[in-house]
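Remarks on the overall topology
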Amino acid sequence: MAHHPAGGIAARCFAIALGCLALSGCTSVGVQTGMRHALDYGPRMQLRVCVLHTPDVKPARVDALIRAVNDEFADYGIEVVVPWSRPWQRAGFSHERLFDDIARRELEAPCDRLVAFVDRNAGDALWGLLMPEVLGMVDEATHTRGYVVATRASLNQLFVSPAKATVHEFYHLLGCPHAESMDACYQRIAALKQARAEGADFVPGVDGEGEFVMTREMANRTLHLALAGQPGM
Ligand SMILES: [Zn+2]
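Residues numbered from 1 in each chain as written. Predicted model: local features only at pLDDT ≥ 70, side-chain atom pairs only at ≥ 80, totals over all residues. Heavy atoms only, no water.

A few words now on the pairing of strand β2 (residues 78-81). Burial along β2 is one-sided: the face carrying Ile78 and Val80 is buried and the face carrying Glu79 and Val81 is not. Pairing between strand β1 (residues 45-53) and β2: 4 bridges, direction parallel. In the sheet register, Gln46 faces β2, and the bridge partner there is Glu79. (Buried < 20%, exposed > 50% of the residue type's maximum accessible area, 1.4 Å probe, protein only. Helix = DSSP H or I, 4+ residues; strand = E, 2+ residues; numbered from the N terminus. Pairing = 2+ DSSP bridges.)

So this is what it looks like as structure tokens:
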């Protein structure tokens with residue numbers, strides 16, 4: 001888990017997950033720099049993010065969180081749209097179980113990414129007393145699936161708001177790593193937009209090596225192989 005130098009939470013993040021956002025450790029994709037406005041991000045692009053949400057996360061809540069991402073991504077000429085949003089029951093108590101369920105789902109057309117917005121429950125509040133809370137995750141094998149804790153019900157979230165957590169995870173969905181500065185992230189975003197083939201119906205994923213995953217089918221295959229290769233999942 002090279003992306004989680006702080007150790008504590010890294011040890012608890014299972015092998016394929018990159019974007020676990022918690023108070024200790026992995027909290028940042030880097031500080032903004034002047035490069036943000038110096039790069040050419042090319043023409044505008046839509047990122048189609050299909051949404052699963054637990055019953056307590058209302059559509060207006062999802063809209064507000066997506067709006068926060070769109071405010072952040074406007075500088076890159078990226079607009080997040082939601083082709084569909086479906087109710088969903090979280091698979092389990094632990095973040096590993098929860099994420100596993102999302103990762104195993106097929107990415108279906110026209111989705112470029114699949115994100116679950118989950119609420120907190122009493123079990124999670126207890127969980128938060130025992131260990132640093134995980135506020136979101138994105139898979140490292142393709143950067144196409146993730147989840148975000150969308151409701152504010154814990155002390156940690158006084159410091160990391162659901163909107164901030166959402167923006168953070170959506171940067172991972174563009175392939176951005178944790179870093180000191182955002183320079184690598186800006187370059188990754190510009191390269192991702194450029195890599196998208198003319199007329200293609202898929203915004204490429206990004207694999208663990210930073211290579212683009214050009215088709216939805218390949219993203220599904222790559223992630224399923226990664227899951228199959230993880231013992232104990
Ligand atoms: Zn992260």
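Attention now goes to the state of the cysteines. Under the counting rule described, the total for this entry stands at 2 disulfides. In this model, Cys50 is linked to Cys111 through a disulfide, with the two sulfur atoms separated by 2.0 Å. Across the S-S bond linking Cys50 and Cys111, the dihedral sits near -90 degrees, which makes this disulfide left-handed. Taken as a pair, Cys50 in strand β1 and Cys111 in the loop between α3 (95-104) and β4 (113-118) lie far apart in primary sequence, 61 residues in all. Look at Cys50 and you get buried, because its relative accessible area is 0%. Disulfide partner of Cys176: Cys185, at an S-S distance of 2.0 Å. (Disulfide = S-S within 2.5 Å.)

Moving on to the packing of aromatic side chains. Counted according to the given criterion, the structure contains 6 aromatic pairs. A centroid spacing of 6.2 Å and a plane angle of 50 degrees characterise the contact between Phe99 and Tyr147, whose relative ring orientation is tilted. Residue Phe99 is located in helix α3, and its partner Tyr147 is located in strand β6 (residues 145-149); the two are separated by 48 residues in the primary sequence. Tyr147 shares its class with Phe99; the two are buried. An aromatic cluster is built from Tyr41, Phe73, Tyr76, Tyr171 and Tyr186, whose rings are joined through pairwise contacts. Lying over the aromatic face of Trp84, Arg86 brings its terminal NZ or CZ to 3.5 Å of the ring centre. (Phe/Tyr/Trp six-rings, centres within 6.5 Å; stacked < 30°, edge-to-face > 60°. Lys NZ or Arg CZ within 6 Å of the ring centre and 35° of its normal.)

Further remarks concern the pattern of salt bridges. Following the criterion strictly, the structure yields 7 salt bridges and no others. Measuring nitrogen to oxygen at the nearest pair gives 3.0 Å for the salt bridge that ties Asp100 to Arg104. Separated by 4 residues within a single helix, Asp100 and Arg104 lie in helix α3, roughly one turn from each other. Between Arg105 and Asp101 there is a salt bridge; the shortest N-O distance is 3.3 Å. Here the salt bridges do not stand alone but share partners, grouping Arg36, Glu72 and Asp75 into one network. (Salt bridge = Lys/Arg side-chain N within 4 Å of Asp/Glu carboxyl O.)

Look at α3 against helix α8 (residues 216-228): their axes get within 10 Å of each other, and the N-to-C directions meet at 140 degrees. Overall, the two elements α3 and α8 adopt an arrangement that is oblique. Of the residues in α8, those in contact with Asp100, Ala103 and Arg104 of α3 are Leu223, His224 and Leu227. Classifying every residue of the contact of α3 with α8 gives 3 nonpolar, 1 polar and 2 charged. (Axes fitted to C-alpha atoms, helices over the stretch in contact; angles between N-to-C directions. Parallel < 35°, antiparallel > 145°, perpendicular 65-115°, else oblique. Contact = heavy atoms within 4.5 Å. Nonpolar A, V, L, I, M, F, W, Y, C, P; charged D, E, K, R; others polar.)

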